[in-house]
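Topology and contacts: notes
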Amino acid sequence: MKEFLQLVVVGVSTGSAYALVGIGMVLIFRTTGIVNFAQGSFAVLGGLFMVALVDDIHGLVAGLAAVLVVAFIGSLVGFVAVGFRHRTTPLASLIITLGIALLITSLNLLAFGDRPHTYPTIFDRAWDIGGVLVQPQYVLVAGVTLLAALLLTLGLQRTIAGQALVACADSRRAAELVGIDVRAVAVVAFAVSAGLSALGWVLLTPVDPVNYDSDVRIAINGFAAAAFGGLASIRLAYVGGLVLGVAQQLVVGYADKIPGLGQQARQYELAAALVIMLVLIGWRARNEVHE
Amino acid sequence: MSAAPLLEIDGLVVKYGQAIALDGVSLSLEAGERVALIGPNGAGKTSLLNGVCGLVKPAAGRVLLDGRDLTGRAPGEIVRAGLTQVPEGRQVFPTLPVEANLLLGAYGREFRHELVSATLRYIGRRGEIAVRLERVYSLMPKLRELRERPAGRTSGGEQQMVAIGRALMAEPRLLAIDELSLGLAPLVVQDLSEFLVGLNEEEGVALLLVEQNAVLALELCARAYVLEAGRLVLAGPSDELERNETVRSAYLGGGLEVADAEPGTQAGPSS
Amino acid sequence: MNLSRSRTLRLAGTLAAGSFAIWLSYQLSPGDRSLYTLMGLYAIVAIGLSLLIGFAGQISLGQGAFYALGAYTAGILTVGLDPDDRLVSEAGIDPALAVVAAPILTGLVAAVIGVPLLRLRGHYLAFATLALHLILLAAIFAQSGFTGGQDPGLAVIEPLEIFGLQITGVTGGTARHTAIVWGLVLVTLLVALNLVGSRAGRALQAIATSERTAAAAGINVSAYKLRLFVLSAGLAGLAGALYAFMLQFLSPDAFGVFLSIQFVVMVAVGGLGSVYGAVVGAVAITWLEHELRELGARPSLLGFDLPDQAPQVFSVGVFAVILIVVILFFPRGLLPALGDGIRRLRPVRHEN
């Protein structure tokens, strides 16, 4: 039971970070129709910038700077990915984000090399809660993530700029007709999504080192989280991230007990994500057909 | 004041790929006027609006507002120039409350390429916009009652009011309404028509009514254009058109077209 | 009449170009030939992917996985399923049979994951196939007893022989192997062109234009998409199987995720939905990738010392930029854009 709880704690934490990536994908997909492949790259950039900055300046400032810089990069990515009016289709935009992800990966390789990066957590020891050892960093990730998701939801509901994003998601045509520039909204959606993804890995890097090519794994997991709500719901993407994180930890934790898998259990983390995604999607597809 | 008409469309051509949806249409509309554009389904009415409002880039021709050439400009610019479209099928923002729908009408007007400065301009004009919102609420008191409700959870007629109210928030001088009557009960259509006539006469907002329902459109407007297969086939005062044999047989006579498209919305034949 | 004449002309041109490509296999030096073979293998994959992207509007980032799956299927079947029996040379099946089995297996895998995914909008397929690729790589590493893993890798001892003719077994493959690969490119091209022109092709065109309209016209959209996906996976599996006999050695290093992305780049550069474009894209991109790697492998360039990662950074980064620029400015691909340009230059002729 203790072991189980231990795994759940780790799962909730990594799942929260996946959730932020997934929420960003939902935000971009709903407002622009684009599936953003570079979402994993934003997370990697967040983690790597944090590692680069944290030695020289206060952790809080470093984290904030990393998130803001990545958000800015995200807005540039959005600007390019949206392309030209009447000319760039969502499919073309997806391929463009794929290209951008490749570009960021190769630049990261050049700047940071091909070894994993991490930075030390500010907490010096784990908390003992009823016999379950809990790393404070995990709690921090889960807490900040939840806060960010709540703030985002509130911002979308209560501010006029947020409502403009929702308007584009509701009906892009009607949004255009009232004069909202959907391309401008797309740039903001990309910036916010990039910032969220970066935030996840700014916080998670001490317990989950980041490599220049971690982006693919993160993008797939983020997409799986978003797929939980059919790429449509921020709340469900959040839940999807948590479910995915916990399920993966359980697979990793218990798989080495299955004879034959042994040490390779970690390799199946992603397989777990895919299987969960396929099952959920299959279930959704069936529901859609029956509607 | 310049002598130029409020809206002037000159030889507008709209293509979707190879298909020509609108083949050189010219029309004009004076400030404060009510004009109808009628024609069967697929005649190119919506294509014309899309071309004028900047949703599609016209292949040829010009669109002038107050003599200013706005051909192929972004939708936001058209809105700022004074022309707002109420789209077919209403297209409110269903998950947002009615009031947010209305306010976005004012917000969209502030857009010039990016969001931050638009938001700042919007906040700067918040006072004026609040006054404007009050004005819309007093014109359509029903909307004030519904202000908190998500627009998707209101009736069809109420949604049409939200769409019109949202358009009015952009302070238009010309309101282009695409299929006002589509899918609405006759009583609701009558209420909305009366409201629009009042709006036109009291506030001086010009109306371009784009309708399949020719009976309704000719009744409301003094002047009308008839569009068929992407070309204008007739134009003139409504009472003349009502007497015209072609129009009578095609749109009014048996009321076949109208009745097929919109059972229940047909007012009695004018004869 | 005009139409059928232009079709005949096009067919003749395709056959002539194909014959030239096969003839070229015998003219090249063994060093150039291995790159040329690779171009042909990638062209087969790209034609399949081009059909999928162009007509189903879906991206697969798993073509590299299907290619790898085809290669390992052929390799393992040839050397024998049971690692302990492999030393006995009769453990495996005939290499020619293995080449046939590989595309069938990859097609089956594609069918299993395609059924739930292709019903939905939103490019679920892209991510699922990419995940499939990563999982396959993980499995190759993890099941090293079975696949040889990274070290020592899988040595495919048996050379490919068809009707007693030795096809591979010489370093870099024989000219015969290259010729067979390019012959298959020609066959694939003809099959794809025939598909585009057939009744199924018209259904596919309808789907590509508007899924909703196609569905309303009674076309089973998801079934057509699934067939395209299975076809494209099968072609990748076939190319992979032929690759297994080229070096007679398999290691997961040859099947990185980048390979899958590279296939998409080939199709995007050549032209989404253009089967000729896919071939041109495959040849151009394979050549470019090779050159960029060579450039990056130099110790210095323009007076700057190059870091160890330069080959990778060069090929991946430059690729990325090419991809972005092409898709932004020539969304239909370079070959169709070129065609449009020529058509615009030519005076308008009477068309009946």
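Fair warning: this is a prediction, and the values are worked out from it, not measured in the lab. (Residues numbered from 1 in each chain as written. Chains lettered and ligands numbered in written order. Predicted model: local features only at pLDDT ≥ 70, side-chain atom pairs only at ≥ 80, totals over all residues.)

A few points about the overall build of chain A
Along its length, chain A carries eleven helices and two strands. Secondary structure of chain A in N-to-C order comes out as α-α-α-α-β-β-α-α-α-α-α-α-α. Its C-alpha atoms give chain A principal-axis dimensions of roughly 60 × 55 × 35 Å. In chain A, of all internal contacts separated by at least 6 residues, the share reaching a separation of at least 24 is 76%. (Helix = DSSP H or I, 4+ residues; strand = E, 2+ residues; numbered from the N terminus. Contact = placed C-beta atoms within 7 Å.)

Thoughts on the interface of chain A and chain B
Listed by partner, the interface residues are 20 residues for chain A and 30 residues for chain B. Of all elements in the fold, only helix 6 (160–170), helix 7 (172–177) and helix 8 (182–204) of chain A reach the threshold of two or more residues within the side of chain A that touches chain B. In terms of residue count, the dominant contributor to the side of chain A that touches chain B is helix 6 of chain A (seven residues). Looking at the side of chain A that touches chain B residue by residue, the classes come out as twelve nonpolar, four polar and four charged. (Nonpolar A, V, L, I, M, F, W, Y, C, P; charged D, E, K, R; others polar.)

Brief notes about the environment of Leu27(B)
Residue and element names in this part refer to chain B. Looking at the secondary structure, you find Leu27 in strand 2 (residues 19–29). For Leu27, a count of 19 C-beta atoms within 10 Å translates into the label partly exposed. Measuring from C-alpha to C-alpha, the distance between Leu27 and Leu12 comes to 9.3 Å, with 15 residues separating the pair along the chain. In this structure Leu27 touches Ile9, Tyr225 and Leu232, once residues within four positions along its chain are discounted. (Buried ≥ 20, exposed ≤ 12 C-beta atoms within 10 Å, placed from the backbone.)

As for the interface of chain A and chain C
Facing the 39 residues of chain A at the interface are 38 residues of chain C. Counting residues per element, the ones that place at least two in the side of chain A that touches chain C are helix 4 (90–112), helix 9 (215–228) and helix 11 (269–290) of chain A. Ranked by the residues each element gives to the side of chain A that touches chain C, the list is headed by helix 4 of chain A, at 15 residues. For the side of chain A that touches chain C, the class distribution of residues is 28 nonpolar, nine polar and two charged.

What about the packing of helix 3 (residues 98–108) of chain B against helix 5 (residues 126–139) of chain B?
All names here are of chain B. Across the interface, helix 3 lies against helix 5 with an axial gap of 11 Å and an inter-helix angle of 130°. In terms of axis orientation, helix 3 runs oblique to helix 5. Relative to helix 5, the crossing made by helix 3 is right-handed. Between helix 3 and helix 5, the residues in contact are Leu102, Leu103 and Ala106 and Ile129, Arg132, Leu133 and Val136, respectively. (Axes fitted to C-alpha atoms, helices over the stretch in contact; angles between N-to-C directions. Parallel < 35°, antiparallel > 145°, perpendicular 65-115°, else oblique. Left-handed = near helix turned anticlockwise from the far one by under 90°.)

A closer look at helix 4 of chain A
All names here are of chain A. The end-to-end C-alpha distance of helix 4 is 32 Å, a good match for the 33 Å that 23 residues give at a rise of 1.5 Å each. With respect to burial, helix 4 is a largely interior element, 19 of its 23 residues being buried. Directly beyond the C-terminal end of helix 4, a positive phi value near 75° is found at Gly113. (Expected span 1.5 Å × (residues − 1).)

Side note on the sheet that holds strand 3 (residues 34–38) of chain B
Residue and element names in this part refer to chain B. Spatially, six strands are ordered 6-7-8-3-9-10 in an open sheet, and the strand pairing comes out mixed. Of all strands in the sheet, those bounded by a partner on one side alone are strand 6 (83–86) and strand 10 (231–237). Across the sheet, the axes of successive neighbouring strands diverge by a mean angle of 15°, strand direction being ignored. Note that strand 3 and strand 8 (residues 206–211) share five bridges and pair parallel. Bridge pairing in strand 8 places Leu37 opposite Val210. (Pairing = 2+ DSSP bridges.)

A few points about helix 2 (residues 39–54) of chain A
If you check helix 2 of chain A, its first and last C-alpha atoms are 23 Å apart, about what 16 residues at 1.5 Å a residue would give, namely 22 Å. Of all 16 residues in helix 2 of chain A, 15 are buried, a share of seventy percent or more.

Here's the deal with the environment of Thr73(C)
Residues and elements named next belong to chain C. Relative to the helices and strands, Thr73 is located in helix 3 (residues 63–79). Considering only alpha carbons, one finds Thr73 and Val99, 26 residues apart in sequence, at a separation of 8.5 Å. Dropping the residues within four chain positions of it, Thr73 is found in contact with Ala101, Ala102, Leu105 and Ala241.

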